[in-house]
Amino acid sequence: GAVVSQHPSWVICKSGTSVKIECRSLDFQATTMFWYRQFPKQSLMLMATSNEGSKATYEQGVEKDKFLINHASLTLSTLTVTSAHPEDSSFYICSASLGGGPQETQYFGPGTRLLVL
Amino acid sequence: SQQGEEDPQALSIQEGENATMNCSYKTSINNLQWYRQNSGRGLVHLILIRSNEREKHSGRLRVTLDTSKKSSSLLITASRAADTASYFCATAGSNDYKLSFGAGTTVTVRA
């Protein structure tokens, strides 16, 4: 089956620093990757959609200058949380799909837990 | 925006019993999907049901979809301790590919 990995799985950082999270599709090429954020005991909220080689599309209320997304290849997308603050502490999950259409299954990564002190 | 609402929020059952959870949504969909999430982990895709389907089975899972009521149910039969997890429904719209997740149902299966 399709496997998506994320790195790192855990990160603790000081307030004001930037953190980069990688999302990789290991055995398939992902035209589209999605970034979600999940707060404790809550559902997943879509942050942005990224297509290889083009700018990411951000959901309403998500600051694109704060959450920088780069989708440089068909197997790698990165999310950089710039100048992280304690309120950015959350569980960040990426997913990847082959085609990005509504019929396509999204394959989810294991998530990255970010704690900002 | 979050479209699905799930019911109940939490469910505790004995091993061997069946677990049923429901999901309601608001707008027209292309398909509805169910995912499982173990504590602190990523999501595992369980089953996808298209808008023109009414029922689908996969192992011990049975999913129904009623587009007239904009609702779906997930039934887990003969539950096991390993089924303890949070279960989320997610809808894919007719015109776009984004998934909108429900709030989730936390299922605890007691041995």
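We now turn to the structure provided with this report. (Residues numbered from 1 in each chain as written. Chains lettered and ligands numbered in written order. Predicted model: local features only at pLDDT ≥ 70, side-chain atom pairs only at ≥ 80, totals over all residues. Heavy atoms only, no water.)

## Remarks on the sheet that holds strand β7 (residues 61–66) of chain B
Residue and element names in this part refer to chain B.
Here's step 1: The sheet built from five strands is open, its strands ordered β1-β3-β8-β7-β6 with antiparallel pairing. Edge positions in the open sheet fall to β1 (5–7) and β6 (55–58), since each of these has one partner strand only. Sheet twist, expressed as the average angle between the axes of neighbouring strands with direction ignored, equals 15°.
Here's step 2: Bridge analysis of β1 against strand β3 (residues 19–24) gives three bridges, and the strand direction is antiparallel. Residue pairing in the sheet places Glu-6 in a bridge with Cys-23 of β3. (Pairing = 2+ DSSP bridges. Helix = DSSP H or I, 4+ residues; strand = E, 2+ residues; numbered from the N terminus. Axes fitted to C-alpha atoms, helices over the stretch in contact; angles between N-to-C directions.)

## Side note on the side chain of Gln-33 of chain B
Here's step 1: Of note, Gln-33 of chain B is situated in strand β4 (residues 29–37).
Here's step 2: Of the polar contacts made by the side chain of Gln-33 of chain B, one reaches the side chain of Tyr-35 of chain B; its length is 2.7 Å. (Polar contact = N/O pair within 3.5 Å; in protein donor to acceptor, adjacent residues only side chain to side chain.)

## Observations concerning the state of the cysteines
Here's step 1: In the structure shown here, the tally under the stated rule is two disulfides over all chains.
Here's step 2: With its sulfur 2.0 Å from that of its partner, Cys-23 of chain A forms a disulfide with Cys-94 of chain A. Handedness of the Cys-23 of chain A-Cys-94 of chain A disulfide follows from its S-S torsion of about 80°: it is right-handed. Of this pair, Cys-23 of chain A sits in strand β3 (residues 19–25) while Cys-94 of chain A sits in strand β9 (residues 90–97); the two residues are 71 residues apart in sequence, bridging distant segments of the chain. This pair shows no difference in class: Cys-23 of chain A is buried, exactly as Cys-94 of chain A is.
Here's step 3: The side chain of Cys-23 of chain B participates in a disulfide bridge whose partner is Cys-89 of chain B; the two sulfur atoms lie 2.0 Å from each other. Given an S-S torsion of about 70°, the disulfide between Cys-23 of chain B and Cys-89 of chain B has right-handed geometry. Here the residue Cys-23 of chain B occupies a position in strand β3, and Cys-89 of chain B occupies one in strand β9 (residues 85–93), the gap between them amounting to 66 residues. (Disulfide = S-S within 2.5 Å. Buried < 20%, exposed > 50% of the residue type's maximum accessible area, 1.4 Å probe, protein only.)

## Quick word on the pairing of β7 of chain B
The two faces of the sheet receive side chains in turn, since in a regular strand these alternate between them.
Residue and element names in this part refer to chain B.
Here's step 1: One ladder, built from four bridges, connects β6 with β7; its direction is antiparallel. Within β7, the residue paired with Lys-56 across the bridge is Val-63.
Here's step 2: Counted along the chain from β6 to the antiparallel partner β7, the turn is two residues long, and its residue Gly-59 has a positive phi close to 60°.
Here's step 3: When β7 meets strand β8 (residues 71–76), the two strands line up antiparallel, connected through six bridges. Looking at β8, one finds that Val-63 is bridged to Leu-74.
Here's step 4: Counting the residues in the hairpin turn of β7 and β8 gives four residues, including Lys-70, whose phi is positive at 50°.

## Here we look at the interface of chain A and chain B
Here's step 1: Each partner contributes to the interface: chain A provides 23 residues, whereas chain B provides 23 residues.
Here's step 2: The interface formed by chain A and chain B contains one salt bridge.
Here's step 3: Linking Lys-98 of chain B and Glu-59 of chain A is a salt bridge whose minimum nitrogen-to-oxygen distance equals 3.1 Å.
Here's step 4: Here chain A and chain B share four residue pairs in polar contact (both at pLDDT 80 or more) between them.
Here's step 5: Elements that contribute at least two residues to the side of chain A that touches chain B include exactly β4 (32–38), β5 (44–51) and β9 of chain A.
Here's step 6: In terms of residue count, β5 of chain A provides more of the side of chain A that touches chain B than any other element does, four residues in total.
Here's step 7: Looking at the side of chain A that touches chain B residue by residue, the class counts come to ten nonpolar, ten polar and three charged. (Contact = heavy atoms within 4.5 Å. Salt bridge = Lys/Arg side-chain N within 4 Å of Asp/Glu carboxyl O. Nonpolar A, V, L, I, M, F, W, Y, C, P; charged D, E, K, R; others polar.)

Any functional reading would require information beyond the geometric quantities listed.
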